[in-house]
Amino acid sequence: MLTAHPQASNLLRLILASSFFAYIFTISACSNLQTPATADVAVSTSAVNGAAAVGGGEYAPAEMRSAREKLVQANTAMAAHDYQAASDYAAQAQADAKLAQTKVSSTKAQQAATALQEDIRVLREELNRVNNK
Amino acid sequence: MNKISMTQGVLLMVATLSACSTTPRSTTLLDSTRQQYQIVQNNPRIAQLAPIEMRQADDAMVLANNAASNNESREEIDKLAYLAGKKIDIAKEAAKQKNAENKIANAGKERDEMRLDQRTQEVKQEKNRADQAVYAAQVAQVNTQTAQQKVTALSVELADLKAKNTDRGIVITLGDLLFGTNDVRLNPDGMHELQKLATVLQVHQQQTLLIEGHTDSTGGSAYNLQLSERRANAVSSALQLMGVQRARITMHGYGEQFPVSDNSTAENRQMNRRVEIILSDDAGYIVNR
């Protein structure tokens with residue numbers, strides 16, 4: 001039996017105590033996550049709103065939908081005090097929102113470039129016509 | 001602490017931590033994300049156009065891969081893989097955006113070049129027009145010179161006849177001494193002079209002639225007018241006999257109207273008694289008195 005040997009018992013106690021500290025340390029990480037999670041959710045909310053403001057709903061509807069769903073899940077997790085999950089969802093919502101915003105800028109730039117090139121093509125045609133008269 | 005509670009504690013701790021030890025090294029999402037990453041990496045343009053976004057994608061990919069090699073939970077790996085996937089997409093979109101912006105910048109440049117080309121073209125056309133004008137002027141000048149040379153050549157050929165270049169053209173004066181005394185007809189010397197003119201006119205077919213008769217102021221003006229006409233007529237007849245067509249000849253008698261000097265001396269009067277032959281230009285044109 002373990003208890004038969006007092007030295008062994010002491011050793012076991014030491015092992016158990018240190019293991020317990022390690023365990024507490026591992027678990028305790030969660031309890032300090034409230035503040036960063038709140039910040040993450042706030043940043044993500046702002047990112048989603050920003051993407052929506054520049055036309056994310058029109059130019060990147062799938063990404064915007066995903067971002068909003070993730071934000072809802074982040075807020076739900078916050079309410080349930082599951083801060084790790086809240087941070088994770090917030091990070092995902094932020095990534096979706098950033099992608100949506102980039103797609104908006106990219107699409108607008110591509111449309112502008114196409115329109116400009118078309119203008120130039122028409123202008124060149126016109127000049128060629130005039131010059132070859 | 002009794003034995004049972006200690007054992008339960010140990011079991012609880014093992015159960016709590018054991019979740020980690022059974023995770024797989026990869027997930028479906030991580031695998032597909034790695035494939036996406038590979039595609040983006042194989043396109044160097046993306047890293048060129050969107051270096052910041054690409055670095056963020058690199059970092060996210062490293063985190064996901066580390067989670068997998070550290071045997072972290074499937075959920076943890078998927079979370080990181082999801083973020084990496086989005087960052088890869090962001091890098092792709094950012095590269096597209098930059099590419100479009102470059103095109104926009106180039107469009108401005110292209111438009112400027114086009115404008116410059118157009119200006120060059122216009123200048124070229126303007127120069128062509130100017131060159132053509134210069135050429136036309138040169139041609140005109142050459143034509144004028146040729147015409148002048150012809151006139152000069154004609155007057156050289158007529159030098160023997162003491163032809164004079166005047167405002168009205170080449171004028172040949174047949175003096176009184178070339179006519180018979182009290183006669184409207186030319187004497188042999190006059191005929192000889194006229195023959196030289198006729199020969200020249202054979203070569204210069206374009207020229208027409210105006211034959212003008214003039215007298216001095218002696219006698220009545222009606223008589224003088226008639227005399228001048230008859231002398232002009234005699235010259236015309238002589239030239240026709242020498243082969244000059246009638247159609248080329250116009251005659252006019254002016255009597256005493258246009259003396260070349262005053263009629264005060266016999267010598268002057270003799271100068272006034274004359275027939276002038278005016279040669280037209282190449283177009284057959286003569287300035288009348």
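### A closer look at the interface of chain A and chain B
Then, in step 1: Taken together, the contact between chain A and chain B spans 26 residues of the former and 26 residues of the latter.
Then, in step 2: For the side of chain A that touches chain B, the elements supplying multiple residues, two or more each, are α1 (6-31) and α5 (83-131) of chain A.
Then, in step 3: Top element by residues in the side of chain A that touches chain B is α5 of chain A. It accounts for 22 residues.
Then, in step 4: Each residue belonging to the side of chain A that touches chain B can be placed in one class, and the counts come to 12 nonpolar, 9 polar and 5 charged.

### Considering the packing of helix α2 (residues 28-41) of chain B against helix α4 (residues 51-69) of chain B
Residues and elements named next belong to chain B.
Then, in step 1: Contact geometry of α2 with α4 gives a least axis separation of 11 Å together with a crossing angle of 145°. Seen from above, α2 lies across α4 with left-handed handedness. Across from L30, T33, Y37 and V40 in α2, the residues of α4 making contact are A57, M61, A64 and A68.
Then, in step 2: Split into classes, the residues belonging to the contact of α2 with α4 amount to 7 nonpolar, 1 polar and no charged.

### Points about the packing of helix α2 (residues 34-53) of chain A against α5 of chain A
Residues and elements named next belong to chain A.
Then, in step 1: Axis separation between α2 and α5 bottoms out at 8 Å; the angle between their running directions is 20°. Judged by the inter-axis angle, α2 sits roughly parallel to α5. The chirality of how α2 crosses α5 is left-handed. In this structure, α2 uses Q34, P36, A37, D40, V41, V43, S44, A47, V48, G50 and A51 to contact α5, whose residues at the interface are Y83, A86, S87, A90, A91, A93, Q94, A97, K98, A100, Q101 and V104.

### Section: the environment of A52 of chain A
All names here are of chain A.
Then, in step 1: Here A52 is to be found in helix α2.
Then, in step 2: On the basis of neighbour counts, which here come to 18 C-beta atoms within 10 Å, the residue A52 falls in the partly exposed class.
Then, in step 3: As for A52 and M64, which are separated by 12 residues in sequence, their C-alpha atoms are 7.4 Å apart.

### Looking at α2 of chain B
Since the α-helix advances by 3.6 residues per turn, residues separated by three or four positions end up pointing in the same direction.
All names here are of chain B.
Then, in step 1: In a regular helix each residue adds 1.5 Å, so 14 residues correspond to 20 Å; α2 covers 20 Å between its end C-alpha atoms and thus fits that length.
Then, in step 2: Residues L30, T33, Y37 and V40 constitute the buried set of α2. The buried residues of α2 occupy an angular sector of 80° when the element is viewed end-on, so they sit on one face. Residues T28, D31, S32, Q35, Q38 and I39 are exposed on α2 and point more than 90 degrees away from its buried face.
Then, in step 3: Next to the buried residues of α2 lie α3 (44-49), α4 and α5 (74-157).

### Focus on the sheet that holds strand β1 (residues 164-166) of chain B
Residue and element names in this part refer to chain B.
Then, in step 1: Ordered by their spatial adjacency, 5 strands build an open sheet running β1-β2-β5-β3-β4, and the pairing between neighbours is mixed. The open sheet has two free edges, formed respectively by β1 and β4 (249-253), since each of these has just one partner strand. Sheet twist, expressed as the mean angle between neighbouring strand axes with direction ignored, is 25°.
Then, in step 2: Here strand β3 (residues 209-214) pairs with β4 via 5 bridges, running parallel. Opposite L209, over in β4, you have I249 as the bridge partner.
Then, in step 3: Running at roughly 160° to β4, helix α7 (residues 221-241) makes contact with β2 (169-175), β3, β4 and β5 (274-279) of the sheet.

### Overview of the environment of S261 of chain B
Residues and elements named next belong to chain B.
Then, in step 1: Position of S261 relative to the elements: it lies in the loop between β4 and α8 (266-272).
Then, in step 2: Taking the number of C-beta atoms within 10 Å as the measure of exposure, S261 has 13 and is therefore partly exposed.
Then, in step 3: In the structure, S261 is positioned 45 residues away from D216 in sequence and 9.4 Å away in space, judged by C-alpha atoms.
Then, in step 4: Apart from the residues within four sequence positions on either side, S261 is in contact with N268, M271 and N272.

### Side note on the confidence of the model for chain B
Residue and element names in this part refer to chain B.
Then, in step 1: Here chain B shows a mean pLDDT of 86. Residues at 70 or above account for 92%.
Then, in step 2: Here helix α1 (residues 3-18) stands out as the element of chain B with the lowest mean pLDDT, 61, in contrast to α4, whose mean of 96 is the highest.
Then, in step 3: Note on the complex model: pTM 0.53, ipTM 0.72.

### Observations regarding the pairing of β3 of chain B
Then, in step 1: In terms of burial, β3 of chain B is a largely internal element, 6 of the 6 residues being buried.
Then, in step 2: Crossover handedness for the path β3 of chain B to α7 of chain B to β4 of chain B: right-handed.

### Here's the deal with the nonpolar core
Nonpolar side chains in soluble globular proteins generally cluster together in the buried interior.
Then, in step 1: Counting 47 residues, the largest nonpolar core has A74 and A86 of chain A together with A64, A84 and A91 of chain B as its most contacted members.
Then, in step 2: For this core, the secondary-structure elements that each account for two or more residues are α2, α4 (61-79) and α5 of chain A together with α2, α3, α4 and α5 of chain B.
Then, in step 3: Look past the residues within four positions of A74 of chain A in its chain and what remains in contact with it is V41, S44, A86, Y89, A90 and A93 of chain A.
Then, in step 4: If you look at the next biggest cluster of nonpolar residues, it comprises 23 residues, including L154, F179, L194 and I211 of chain B.

Cut-offs and rules
- Residues numbered from 1 in each chain as written.
- Chains lettered and ligands numbered in written order.
- Predicted model: local features only at pLDDT ≥ 70, side-chain atom pairs only at ≥ 80, totals over all residues.
- Contact = placed C-beta atoms within 7 Å.
- Helix = DSSP H or I, 4+ residues; strand = E, 2+ residues; numbered from the N terminus.
- Nonpolar A, V, L, I, M, F, W, Y, C, P; charged D, E, K, R; others polar.
- Axes fitted to C-alpha atoms, helices over the stretch in contact; angles between N-to-C directions.
- Left-handed = near helix turned anticlockwise from the far one by under 90°.
- Parallel < 35°, antiparallel > 145°, perpendicular 65-115°, else oblique.
- Buried ≥ 20, exposed ≤ 12 C-beta atoms within 10 Å, placed from the backbone.
- Expected span 1.5 Å × (residues − 1).
- Arc of directions from axis to C-beta.
- Pairing = 2+ DSSP bridges.
- pLDDT = per-residue confidence, 0-100.
- Right-handed = clockwise from strand over helix to strand, strands pointing away.
- Core = buried A, V, L, I, M, F, W, Y, C linked by C-beta atoms within 7 Å.

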